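# Survey of secondary and tertiary structure
Residues per chain, in single letters:
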Amino acid sequence: GGGRCGGAGAALRWCITGALCAAFLGLGMSIAVLGPTFPNLAANVGKNVSDIYYIFVGRSLGYLGGSVIGGVLFDCMNASLLLALSMVATTVGLYGIPWCKDSLLLTVLMSVIGGSMGILDTGGNVLVLNTWGAEAGPHMQALHFSFAAGAFLAPILAKMALGGSESEERPVAEKTNHSVLKSVPTASAASATPALQDHLEEDFLWSYVVIGTYLLLVSLFLFVLYSKGSSARDKSKTSLQKGKLAKYHCALIGLLFIFFFFYVGAEVTYGSYVFTYAMVFAEMKESEAAALNSVFWGAFAACRGVAIFGAAFLYPGTMITLSLAASAVSSSALAFFAHFRASLWVGSAVYGASMATVFPSGISWIEQYTLVEGKSASLFVIGAALGEMCIPGVVGYLQGRFHHIPVVMYTAFVSSVMTAVLFPVMYKLATSPHENDLKEVSDSETQKALLSNSRLTEDEEDEDDEEDVREWNEADFEVIEKDDKLKNSLIDTSHKIPGDSPAQVALQPHPDNISGDSPVVAGGSPGKQNRNVDWEKSD
């Protein structure tokens, strides 16, 4: 029975991990599908591409709000139920986007999708920690690898959906897309070619419907897990409550917030601007610049896949240290030696690989030293989201002001330096012992000292007892030897005087009576003399 229960528990944990990886695959597709279909969304609401930039702001704000709300709700309700509901909300938003004809409503739907994705990102990380505990490293890496795989698949899916219309109406479509990118009102283009507009709408609709249906199926599986393993959350929460906060818990959470701010901001900034850098500063062709961008993201995704197996053999702190070292070296090469083509290609690949494992390893690392609950995980996600929003915007502004300076490369270098400085500080704070721990250590040392002293005292007492016993034994042997000598002397004396009677022998002067006293004259009866002799012999 115990074996069956243990097997069922292990199967449930693997099912939870599989469902989370499938959910993060859909999360990556939901985020990445917006890029290839952005011109179609603009045409669908009758706006220019430059006029609907606020849908990104709406999604980012929703993501931040979802992270905060998810952090609070995750500590109050079942994790599987919360994640299933968030994925249902994402499905509703994805189903509604293709039929949305109003830009304001489109922004609201994007905010809903962003909020549900923030809940999923926060809850998924904490649920993996709760499910696997100290063994969460490989599963955390698999979770974020699934996200990268989803982001890789979404553009392919969108291209497949839009491929038919591009092949059939390529001349008109190219003209229309060119008009969109040049901020010509798409409504006029759409009215000029209504058949093409309907065809494009139908094609890009399918990419959202396919992703939404996929997420709906995953949410159904999470509902099944909720019905089957409703007590898993309670057990994991109880085990977490037994944990102990680090001495500098708040400082650790705050520093990791800043750490993820710089890390994610640098990752998104380099991935977004390396194409432009290659075209402007390296003077590459468009195909070469696209290949360089693919090298960065390909190394990023491949290293996350390899990290699933590496996390089974390496500690999270070791993986972070190796990643930060590789990031520092590669960003230095990109910042100061990017004018060499080989340095640019190799540096981009190494930089992408070094960025792959930092976020999942950071969450696994902090869980070893302090309690990670929903609110703490939400701060990590918020820091990453703020870095994704702020740093690319600042870099774009500075690059527009200083055209001759490769701001993106220097940003990568500065971010690597910041993360390399922050991690040793966090490690020092994480390993600082509690006052209670110091007291327990001192108490244990005192107990050990008292035990050792008591043992020494007992040993000394045992040694004293053994010496006393030996002295008493020696004294007993000496007394016995003296008694034997006295008996032998009396017997020998009685044998040396054969002519005397026993009574006369008894009347011989004792050696102790040589002080001049006269011997006692026997005047009594022979029986009395015999009794005296018998008494001496008995003595």
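In the nomenclature of an unreviewed UniProt entry, the protein chain is known as MFS4B protein of Neopipo cinnamomea. Quoted straight from UniProt, the Sequence similarities (unreviewed entry) entry for the protein chain says "Belongs to the major facilitator superfamily." Database annotation for the protein chain, UniProt heading Subcellular location (unreviewed entry): "Membrane".

## A few points about the overall build of the protein chain
Scanning the protein chain from terminus to terminus reveals 20 helices and 0 strands. Excluding contacts between residues fewer than 6 apart, the proportion of contacts in the protein chain whose partners are at least 24 apart in sequence is 84%.

## Here we look at empty space enclosed by the protein
Enumeration over the complete set of coordinates arrives at 4 cavities of 30 Å³ or more. Quantified by volume, the second largest cavity comes out at close to 70 Å³. As for the second largest cavity, its lining consists of 14 residues, of which Tyr 263, Ser 327, Met 355, Ser 416 and Thr 419 are closest to the centre. Of the residues in the lining of the second largest cavity, the class split is 8 nonpolar, 6 polar and no charged.

## Re the packing of helix α5 (residues 103-132) against helix α16 (residues 374-401)
It is at 9 Å that the axes of α5 and α16 come closest, and there the two elements cross at 125°. By the angle between their axes, α5 is oblique relative to α16. Judged by the twist between their axes, the crossing of α5 over α16 is right-handed. Touching Asp 121, Thr 122 and Val 126 of α5 are Gly 374, Ala 377, Ser 378 and Val 381, all from α16.

## What about the side chain of Ser 376?
With respect to the helices, strands and loops of the structure, Ser 376 is situated in helix α16. Take Ser 376: its relative accessible area is 9%, and that puts it in the buried class.

## Remarks on the side chain of Ser 354
Take Ser 354: it is sitting in helix α14 (residues 341-356). Other than its neighbours up to four places away in sequence, Ser 354 contacts Ser 323, Ala 326, Ser 327 and Ser 330.

## Regarding the packing of aromatic side chains
Across all of its chains, the model carries 16 aromatic pairs by this definition. What links up through ring pairs into an aromatic cluster is the set Tyr 270, Phe 296, Trp 297, Phe 300 and Tyr 351.

## Observations regarding helix α11 (residues 249-280)
The end-to-end C-alpha distance of α11, which contains 32 residues, comes to 45 Å, matching closely the 46 Å that a straight helix rising 1.5 Å per residue would cover. Of all the bends in α11, the greatest measures close to 45° and is centred on Tyr 273.

## Concerning the environment of Thr 269
The residue Thr 269 is located in helix α11 in this model. Taking relative accessible area as the criterion, Thr 269 reaches 1% and is therefore assigned buried. For the pair formed by Thr 269 and Val 395, sequence separation is 126 residues and the distance between their alpha carbons is 7.6 Å. Setting aside its immediate chain neighbours within four residues, Thr 269 contacts Ile 391, Pro 392, Val 395 and Val 408. At a separation of 2.5 Å, a polar atom in the side chain of Thr 269 contacts the main-chain carbonyl oxygen of Gly 265.

## Examining the nonpolar core
Ranked by size, the top nonpolar core spans 106 residues in total, and within it Phe 259, Tyr 270 and Leu 344 carry the most contacts. Residue assignment places this core across two domains, with domain 1 (11-164 + 202-229) and domain 2 (246-433) each supplying three or more. Residue contacts for Tyr 270: discarding those within four places in its chain leaves Phe 296, Leu 334, Leu 344, Ser 348, Tyr 351, Val 408 and Met 409.

## Considerations on a nonpolar patch on the surface
On the surface, a nonpolar cluster with roughly 390 Å² of combined accessible area is contributed by Tyr 53, Val 57, Leu 61 and Met 389. Looking at where Met 389 falls in the secondary structure, it is placed in helix α16. For Met 389, a relative accessible area of 34% puts it in the partly exposed group.

## Describing the environment of Asp 102
By the element assignment, Asp 102 lies in the loop between α4 (79-96) and α5. Placed 60 residues apart in sequence, Asp 102 and Ala 42 show a C-alpha to C-alpha distance of 10.0 Å. A distance of 3.1 Å separates a polar atom in the side chain of Asp 102 from the backbone nitrogen of Leu 105.

## Section: the environment of Asp 75
In this fold, Asp 75 is placed in the loop between α3 (54-74) and α4. In this structure, the C-alpha to C-alpha distance between Asp 75 and Lys 375, residues 300 residues apart in sequence, is 7.9 Å.

What counts and how
- Residues numbered from 1 in each chain as written.
- Predicted model: local features only at pLDDT ≥ 70, side-chain atom pairs only at ≥ 80, totals over all residues.
- Heavy atoms only, no water.
- UniProt positions renumbered as here; feature names shortened; annotations may be inferred.
- Helix = DSSP H or I, 4+ residues; strand = E, 2+ residues; numbered from the N terminus.
- Contact = heavy atoms within 4.5 Å.
- 1 Å grid on protein atoms, 1.4 Å probe; cavity = no way out; pocket = protein on both sides within 12 Å on 5 of 7 lines; lining within 4 Å.
- Points joined across faces, edges and corners; volume = space filled by probe spheres on them.
- Nonpolar A, V, L, I, M, F, W, Y, C, P; charged D, E, K, R; others polar.
- Axes fitted to C-alpha atoms, helices over the stretch in contact; angles between N-to-C directions.
- Parallel < 35°, antiparallel > 145°, perpendicular 65-115°, else oblique.
- Left-handed = near helix turned anticlockwise from the far one by under 90°.
- Buried < 20%, exposed > 50% of the residue type's maximum accessible area, 1.4 Å probe, protein only.
- Phe/Tyr/Trp six-rings, centres within 6.5 Å; stacked < 30°, edge-to-face > 60°.
- Expected span 1.5 Å × (residues − 1).
- Bend = angle between axes of the 7 residues up to and from the residue.
- Polar contact = N/O pair within 3.5 Å; in protein donor to acceptor, adjacent residues only side chain to side chain.
- Core = buried A, V, L, I, M, F, W, Y, C linked by side-chain atoms within 4.5 Å.
- Domains from an automatic or database assignment.
- Patch = residues over 30% accessible without salt bridge, like charges linked within 9 Å, V, L, I, M, F, W, Y side chains within 5 Å.
- Areas by Shrake-Rupley, 256 points an atom, 1.4 Å probe, with all protein chains shown as cover.
- Salt bridge = Lys/Arg side-chain N within 4 Å of Asp/Glu carboxyl O.

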